[in-house]
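Letter by letter, the chains look like this.
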Amino acid sequence: MPSEDFRRFGRELVDWIVAYFESIEEYPVLSQIEPGWLKANVPQAPPENGEDFGDVLNDVDELILPSVTHWNHPNFHGLFSTSTSSVGIFGEMLAAAFDMKAMLWRTSPASTELEDVTLDWLRQMMGLPDTFEGIIYDTASVSTMHAIAAARERADLNIRDEGMSGRPHLPLLRVYCSEHVHSSIDKSVITLGLGQRSLRKIAVNERFEMIAEKLAEAIDQDMAADHRPICVIPTIGTTSTSSVDPVNAIADVCEKFGVWMHVDAAYAGPAAILPEIRPLFKGWERADSIVVNPHKWLFTPFDLSVLYCRDLGILKQAFSLVPEYLKTSDQETVKNGMDYGIQLGRRFRALKLWFVIRYFGVDGIAARLREHCRLAHLFASWVEQSENWEMLAPVPFALVCFRACPKGSQDFDALNEKLMNAVNATGEAYLSHTKLNGKFTLRLSVGSIRVEERHLVKVWELLTTTLASIA
Ligand code: PLP
């Protein structure tokens, strides 16, 4: 593309994004298209000849935009509400422009060194000791898989060389987590060949927190049966309710049995920046590894997940493999990102996080997270004050679990499902659900960088008027 066109389209595109953010509330949060609509409306074969890029951008308006579910919409309250900041977009733009593949230090000094610096900043912000060193992956699913692989490596069973199949004397390796753990843990044990049989889910209390005594009992039983506990995964901010496992008590158990502790703080990790919330993280500094996702609650565009490890060397021991064509004279003295996981090339993800931290500053980030927690508690207070509604879980961070329970109604599960679908169909807001103690539970997450109190007022009105119309 000639420079003058690149400049023109680049400016048009930035203007487009500015207008998009300015008018984001006019879009339905959930895309309103029927499945298959986009596929049916784009050519099934690629163009023989290059097209005018202006035409391509027109198709963004006509075809792509209607097919977008707007995660950046301030009334996106489903799953975990995540959003990008403008500076995060600049980070992505520049990373794409450099297009570096951070495998070796020499192919990408900027990415390698900025990653170390930025992750150390984030570590300091969250109050973790400097014994932790971080590495960036795409998602928490991948970070956790690497953490369990490191735990398995530390078990010293020579699995890197000999694998697991055809080894009848290998004990059953156990990974422990609560019933409320994210499905990425299940997928990790599947991927690593440990099998779902290896995963032992420990009961939770009435606040959906793992019971540390039950964990100790389970490990005792497993050891008596000659199984080998390799990893325990407490979560700070579980996916269903954002509950907080008692990490300090779990760390005692892990220490007693010499088991790797990996903390899943993918969602809630950034909240450790807030001094008033930090006590919920007590004990995580005793972990062997921790996952935190800046792409969830730190205004950094997807994807960017950080795995902090007390000893990154174990990860290197598990994964480093240097073929001739990647050998360099400096490999003993520099950090080569490819040594710490299954990927060879790695994106320059640190840049966008560096931009975010520099632009907002620690205080700016803390102020936003604090406001999200305030808004979630405000919403919870409306639920608590209304006789037609009830809370179904505590609110440690910025996720509210609740349901409608109007008098005279029999089937609350059916009612709440209908309510959620009706609210989501308006396009005004998006909520998702979970099941808690068998009850269909509405989940409202507050986490968008664009969310204000008026958005919570709006969704509460929407819920109450919709309930009145369907109950
Ligand atoms: N862990 C927790 C607690 C989560 O809530 C999630 C996703 O919501 C994940 C892990 C997986 O995150 P990712 O999409 O980055 O793999």
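See above for the structure.
This structure is a prediction, so every number in the text was calculated from the model and none was measured.

For the rest of this paragraph, the subject is the overall build of the protein chain. Per the secondary structure count, the protein chain includes 15 helices and eleven strands. Considered along the principal axes of its C-alpha atoms, the protein chain spans approximately 70 × 60 × 45 Å. Looking at the protein chain as a whole, 53% of its 471 residues are labelled buried. Within the protein chain, contacts between residues at least 6 apart in sequence are counted, and of these 73% link residues at least 24 apart.

Two residues of an α-helix separated by three or four positions point the same way, owing to the 3.6 residues in each turn. Given a rise of 1.5 Å per residue, 20 residues ought to cover 28 Å, and the 28 Å separating the end C-alpha atoms of helix 1 (residues 3-22) matches this to within 8%. Contacts made by the buried residues of helix 1 are with helix 3 (53-64) and helix 4 (86-98).

Time to look at the site of the ligand. For the ligand, the set of nearby residues contains 13 residues, the closest of which are A140, S141, T239, D264 and N293. Taking T239, its side chain carries an N or O atom lying 2.9 Å from an oxygen atom of the ligand. H295 places a polar side-chain atom, nitrogen or oxygen, 3.2 Å from an oxygen atom of the ligand. The protein chains hide 87% of the 390 Å² of surface that the ligand would expose on its own. Looking at the shell around the ligand, the elements with two or more residues in it are helix 6 (140-154) and helix 11 (294-297). Its residues assigned to classes, the shell around the ligand shows three nonpolar, eight polar and two charged.

Moving on, we get to the packing of aromatic side chains. Tallied over the entire structure, the rule returns 21 aromatic pairs. On the basis of an interplanar angle of 10° and a centroid distance of 5.1 Å, the ring pair of Y267 and W297 is categorised as stacked. Linking Y267 in the loop between strand 5 (260-265) and strand 6 (289-292) with W297 in helix 11, this pair joins segments that are 30 residues apart in sequence. For the ring pair W389 and F402, a centre distance of 5.9 Å and an interplane angle of 40° mean the geometry is tilted. Linking W389 in strand 8 (residues 389-391) with F402 in strand 9 (residues 399-404), this pair joins segments that are 13 residues apart in sequence. The two residues W389 and F402 agree in class, both being buried. By the ring-pair criterion, three or more aromatic residues cluster together here, those being F80, Y267, F281, W284, W297 and F397. Over the ring of W354 we find R358; its NZ or CZ atom is 4.7 Å from the centre of that ring. Residue placement shows R443 over the ring face of F80; its charged tip is 5.1 Å from the ring centre.

Take the packing of helix 1 against helix 3 next. For the pair helix 1 and helix 3, interaxial distance at closest approach is 12 Å and the crossing angle is 10°. Here helix 1 is positioned roughly parallel relative to helix 3, judged by the angle of their axes. For the pair formed by helix 1 and helix 3, the contact residues are F9, E12, L13 and W16 on the first element and F53, G54, L57, V60 and D61 on the second. Of the residues contributing to the contact of helix 1 with helix 3, the split by class is six nonpolar, one polar and two charged.

Our focus in this paragraph is the sheet that holds strand 6. With mixed pairing, seven strands are arranged side by side in an open sheet as 1-7-6-5-4-2-3. Of all strands in the sheet, those with a lone pairing partner are strand 1 (133-137) and strand 3 (199-202), marking the two edges. Ignoring which end each strand starts from, the neighbouring axes of this sheet average 25° apart. Bridging between strand 1 and strand 7 (residues 305-309) involves five bridges; their strand directions are antiparallel. Within the sheet, the bridge partner assigned to I136 lies in strand 7 and is V306. Packing of helix 10 (residues 247-257) onto the sheet brings it into contact with strand 4 (228-233) and strand 5, and relative to strand 5 it is tilted by some 160°.

Our focus in this paragraph is the packing of helix 6 against helix 12 (residues 312-319). Following both chains from N to C, one finds helix 6 and helix 12 inclined at 85°, their axes separated by 9 Å at the closest point. By the angle between their axes, helix 6 is roughly perpendicular relative to helix 12. Listed contacts from helix 12 to H146, A149, A150, E153 and R154 of helix 6 are I314, L315, Q317, A318 and F319. Grouping the amino acids of the contact of helix 6 with helix 12 by side-chain chemistry returns six nonpolar, two polar and two charged.

Moving on, we come to the pairing of strand 4. When you tally the buried positions in strand 4, you get five out of six residues, the bulk of the element. Sheet topology places strand 2 (residues 173-178) next to strand 4; five bridges connect them, and they run parallel. Across the sheet, L173 pairs through a bridge with R228, a residue of strand 4. By the bridge criterion, two bridges tie strand 4 to strand 5 in an arrangement that is parallel. Its bridge partner being in strand 5, C231 is matched across the sheet by W260. Crossover strand 4 to strand 5 through helix 10 is right-handed.

Bringing the state of the cysteines into the picture now. Using the criterion set out here, one finds zero disulfides in the structure. This cysteine, C231, is not joined by any disulfide, and C254 carries the nearest cysteine sulfur, 7.9 Å off. On the accessibility criterion, C231 (0% relative accessible area) is buried.

Another point: the nonpolar core. With 100 residues, the main nonpolar core has W284, F379 and F402 as its most contacted residues. With 17 residues, the single largest contributor to this core is helix 13 (residues 350-385). If sequence neighbours within four positions are ignored, F379 has contacts with V400, F402, L444, L456, V459, W460 and L463. Of all hydrophobic cores here, the second largest spans 36 residues; its members include Y137, C177, L192 and F319.

Parameters and conventions
- Residues numbered from 1 in each chain as written.
- Predicted model: local features only at pLDDT ≥ 70, side-chain atom pairs only at ≥ 80, totals over all residues.
- Heavy atoms only, no water.
- Helix = DSSP H or I, 4+ residues; strand = E, 2+ residues; numbered from the N terminus.
- Buried < 20%, exposed > 50% of the residue type's maximum accessible area, 1.4 Å probe, protein only.
- Contact = heavy atoms within 4.5 Å.
- Expected span 1.5 Å × (residues − 1).
- Near = heavy atom within 4 Å.
- Polar contact = N/O pair within 3.5 Å; in protein donor to acceptor, adjacent residues only side chain to side chain.
- Areas by Shrake-Rupley, 256 points an atom, 1.4 Å probe, with all protein chains shown as cover.
- Nonpolar A, V, L, I, M, F, W, Y, C, P; charged D, E, K, R; others polar.
- Phe/Tyr/Trp six-rings, centres within 6.5 Å; stacked < 30°, edge-to-face > 60°.
- Lys NZ or Arg CZ within 6 Å of the ring centre and 35° of its normal.
- Axes fitted to C-alpha atoms, helices over the stretch in contact; angles between N-to-C directions.
- Parallel < 35°, antiparallel > 145°, perpendicular 65-115°, else oblique.
- Pairing = 2+ DSSP bridges.
- Right-handed = clockwise from strand over helix to strand, strands pointing away.
- Disulfide = S-S within 2.5 Å.
- Core = buried A, V, L, I, M, F, W, Y, C linked by side-chain atoms within 4.5 Å.

Everything listed here is a matter of coordinates, which is why it stays silent on function.
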